[in-house]
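# Architecture at a glance
Chain by chain, the residues run as shown.
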Amino acid sequence: MFIKRLTIFCFLLSASFAQAEIMSEQPQQSVRVYINSAHLETPSGDRAQHYGASLLYGAPVPDFYGFEHFTSFGLLMNLNPDTTKKSGEVNILEHFYSLSAYLRFDFVKLFRFSALVGPGLLLARTNYNVLNTVATHTEISTLLSGGLAIDYAITEQWEFGWLFQVQYRLAYQKLDWYNGLGVSFNF
Amino acid sequence: MPHFLSLSLVCLLSSCGASTIPAGPIRARVVTADAQGFYPNKVVEFKYLQDVRHVDGVIAVMRGQSVLNLDAPDSDQISGDPNKIFVKNGSQVHTDTFVDQHNVINAKNFDSLAMLSTYYAFEQIVDFWITNYDFTLQEIGKFNIYYDPQVQTKVDSATATITQRLNASYFPGLGDLFVWKTSRLEDIPFKMNPAVLGHEFGHKIFDIRFAHKSANFVYGQGASVNSLIQLKGINEGLADFMSWLFIQNVTLFTRSLDVEAFQDRIVPVAWTSASLLKDPSICVGSFYCKGSVLNSALHELSLAQNMSPLKVGTAMLQALPKFASDWQRYLSSDNFDYFYLLNRIANELAGNEKTLACTIFKKWFDDSINQAGLAKCL
């Protein structure tokens with residue numbers, strides 16, 4: 001519900017900036033911050049929803065091995081703590097923090113459409129509280145991530161956008177997806 | 001950046017994060033309980049589980065993402081045919097675990113712990129019935145454990161999918177067990193409570209020995225409304241008694257949900273069949289309340305001098321096929337009641353044991369119909 005309301009608010013906000021600034025077709029160094037909703041695949045095949053944040057840093061790559069369509073590369077960080085109480089006496093919270101390196105392809109037509117793909121690492125921290133017995137387990141594993149972003153220029157430096165990501169946890173063969181809204185600042 | 005990329009590459013190549021399940025007996029940490037209470041993270045050895053990842057083994061397999069069709073006609077519901085009962089019959093589950101330095105498997109998240117704990121509880125329960133009451137794996141059969149299933153129904157032209165919580169259940173005819181999604185209101189999740197799972201498996205035992213695994217036997221032969229209500233109560237009372245036979249603790253239900261409906265099932269209950277008939281509001285559980293009278297009677301008989309839970313449990317199991325013939329004969333009667341079963345159980349005992357059983361049964365079932373039905377029970 002929160003995400004739906006936020007989506008409506010943000011679209012209204014972006015509509016108010018309909019006098020669009022010219023969006024640069026040239027890749028720029030940028031920092032993006034998104035509020036995300038993570039839909040994590042559970043052992044039963046259902047999805048657990050965690051809220052969190054995504055942070056992206058991007059830098060231009062003018063000539064990436066001569067393949068001009070990869071316009072930038074960067075780092076993508078997802079922070080998704082688990083805040084869902086499971087039951088009164090058996091609670092296991094599985095917090096996910098991931099860091100991926102990505103290559104990004106951009107296409108600009110009023111909006112900036114970006115596709116990004118890359119490998120990453122997942123730090124999963126599990127907090128156990130089972131009948132008052134407390135323990136913690138931390139594990140690093142690998143993932144592959146891909147995403148689609150649509151951004152709209154509010155000013156020359158500020159953009160507003162939507163980011164959809166999928167992440168595949170290789171070790172556990174689970175596919176998660178993330179849906180985020182946020183802003184980016186171009187240097 | 002180069003360090004991060006190279007670390008990622010090494011991780012990708014070595015599948016870092018994945019644990020290899022050790023060879024030999026499967027040992028894992030689960031939530032379990034015995035007569036003394038619950039144990040967190042107890043290291044147990046599985047006997048029947050073969051595939052930890054998919055929670056599959058000799059006695060059962062776990063299935064996720066199943067959707068029951070609430071709109072299926074009664075004839076389909078009792079058919080025992082999964083294609084008629086489910087919109088979606090579910091798929092394999094995939095637990096997330098890691099192996100610690102003691103070669104013990106640990107769950108990485110709530111669902112994985114719940115799946116392993118549920119399976120272990122059913123292993124213990126199946127083993128209990130095989131060891132003590134001569135059941136065989138063939139007789140019980142491999143069953144499905146549906147994990148967090150959903151229910152689908154159509155409201156006008158819209159399809160609604162409902163997530164049921166606060167329950168576990170047995171599906172007669174299908175012969176499978178359902179562990180519904182955990183609610184925050186549950187203290188110890190139902191799916192990790194062996195007493196609750198023992199109760200549900202009690203329905204399976206009843207289904208095997210009374211109904212010969214056929215839901216049609218109960219629901220498809222034109223039973224009167226009264227007969228069905230009495231049989232439901234008997235089924236619930238016996239399931240509670242079978243749970244107690246297994247775990248030997250009458251209060252474990254309330255560790256999951258400490259509500260009046262469960263408190264009313266702690267035996268011995270404070271009412272008899274006559275006082276319940278006179279004032280049904282003394283208990284909140286509908287037909288469960290009379291079932292708890294049956295459980296109280298069997299419980300008292302089990303703890304009586306020179307008696308034992310094993311003796312009473314054996315008499316009950318031997319009585320069930322004979323009670324089934326009573327059901328077939330009298331199911332359309334408006335006076336069908338517990339005395340048919342009580343007489344059959346008493347008849348499985350001899351001499352003083354039978355006299356004691358009759359005395360206890362008459363004490364608990366003091367309403368006029370059951371008193372008349374038990375008149376020849378000496």
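Up top is the structure these notes are about.
As the structure is a prediction and not an experimental result, all values here were calculated from the model.

The next thing to look at is unusual backbone geometry. When glycine is set aside, most residues are seen to have a negative phi, and most peptide bonds are trans. Residue and element names in this part refer to chain B. Residue Pro268 is bonded to the preceding Val267 through a cis peptide linkage, with omega at 0°. Among the structural elements, Pro268 can be located in the loop between helix H10 (260-263) and helix H11 (273-278). The phi dihedral of Asn41 is positive, around 55°, even though this residue is not glycine. Structurally, Asn41 can be placed in strand E2 (residues 37-45).

Take the interface of chain B and chain A next. Tallying the contact residues gives 39 residues for chain B and 30 residues for chain A. Contributing elements (two or more residues each) for the side of chain B that touches chain A: helix H1 (2-14), E2, strand E5 (60-69) and helix H4 (110-133) of chain B. The element best represented in the side of chain B that touches chain A is H1 of chain B, accounting for six residues. Class assignment of the residues belonging to the side of chain B that touches chain A gives a composition of 20 nonpolar, twelve polar and seven charged.

Here we come to the packing of helix H13 (residues 309-330) of chain B against helix H14 (residues 339-347) of chain B. All names here are of chain B. One way to put it is that H13 packs onto H14 with a least axis distance of 8 Å and a crossing angle of 140°. Classed by the angle they form, the pair H13 and H14 counts as oblique. Considering only the axes of H13 and H14, their crossing is right-handed. Taking contact as the criterion, the partners of Ala315, Met316, Ala319, Lys322, Phe323, Asp326 and Tyr330 in H13 are, on H14, Tyr340, Leu341, Arg344 and Ile345. Partitioned by chemical class, the residues of the contact of H13 with H14 number eight nonpolar, no polar and three charged.

Once that is clear, we can look at the environment of Asn306 of chain B. One can find Asn306 of chain B in the loop between helix H12 (287-303) and H13. Placed eleven residues apart in sequence, Asn306 of chain B and Leu317 of chain B show a C-alpha to C-alpha distance of 19 Å.

The subject of this paragraph is the environment of Phe336 of chain B. All names here are of chain B. Along the chain, Phe336 falls in the loop between H13 and H14. Between the C-alpha atoms of Phe336 and Ile369, which are 33 residues apart in sequence, the distance is 8.9 Å. Beyond its immediate chain neighbours, meaning those up to four positions away, Phe336 contacts Ser224, Asn226, Ser227, Gln230, Tyr330 and Leu331.

The next point concerns the pairing of strand E1 (residues 30-41) of chain A. Residues in a regular strand project their side chains so that they alternate between the two faces of the sheet. Residues and elements named next belong to chain A. Judged from the twelve bridges that link them, E1 and strand E2 (residues 47-60) form a sheet pairing that is antiparallel. Across the sheet, the residue bridging to Leu40 is Ala48, located in E2. Between the antiparallel neighbours E1 and E2 lie five residues, among them Gly45 with a positive phi of about 95°. Direction of pairing for E1 relative to strand E8 (residues 174-186): antiparallel, over a ladder of ten bridges. Within E8, the residue paired with His39 across the bridge is Trp177.

Right, let's get into the nonpolar core. All names here are of chain B. Tyr119, Phe122, Met316, Leu342 and Phe361 are the most contacted members of the largest nonpolar core, which totals 104 residues. Counting residues per element, this core draws most heavily on H4, which supplies twelve residues. Contacts of Leu342, omitting those with residues within four sequence positions, involve Phe361, Phe365, Leu374 and Cys377.

Criteria and thresholds
Throughout this document, residue positions are counted from 1 along each chain, in the order its sequence is written. Note on labels: chains are lettered from A, ligands numbered from 1, in written order. Thresholds applied to this predicted model are a pLDDT of at least 70 for local features of residues and 80 or more for the giving and counting of side-chain atom pairs; totals over whole chains, interfaces and linings are not thresholded and use all residues. Numbering goes from the N terminus for both helices and strands, where a helix is a DSSP run of H or I of at least four residues and a strand is a run of E of at least two. Note on contacts: each residue gets a C-beta atom placed from the backbone, and two residues are in contact if those atoms are within 7 Å. Lys, Arg, Asp and Glu make up the charged group, whereas Ala, Val, Leu, Ile, Met, Phe, Trp, Tyr, Cys and Pro make up the nonpolar group; the residues left over, Gly among them, are polar. Interaxial angles span 0 to 180 degrees and are taken between N-to-C directions of axes, which are lines fitted to C-alpha atoms, for helices over the stretch in contact. Under this scheme an angle from 65 to 115 degrees is roughly perpendicular, one under 35 degrees roughly parallel, and one over 145 degrees roughly antiparallel; angles in between are oblique. Helix crossings are classified by the rotation of the near helix relative to the far one: an anticlockwise turn of less than a right angle makes the crossing left-handed, while a clockwise turn makes it right-handed. Two strands pair under a simple rule: DSSP has to find at least two bridges between them. Each nonpolar core reported here comprises buried Ala, Val, Leu, Ile, Met, Phe, Trp, Tyr and Cys residues connected via C-beta atoms within 7 Å. Here exposure depends only on C-beta density: within 10 Å of a residue's C-beta, 20 or more other C-beta atoms make it buried, 12 or fewer make it exposed, and intermediate numbers make it partly exposed, the C-beta atoms being placed from the backbone.

This is a description of form; function is not addressed.
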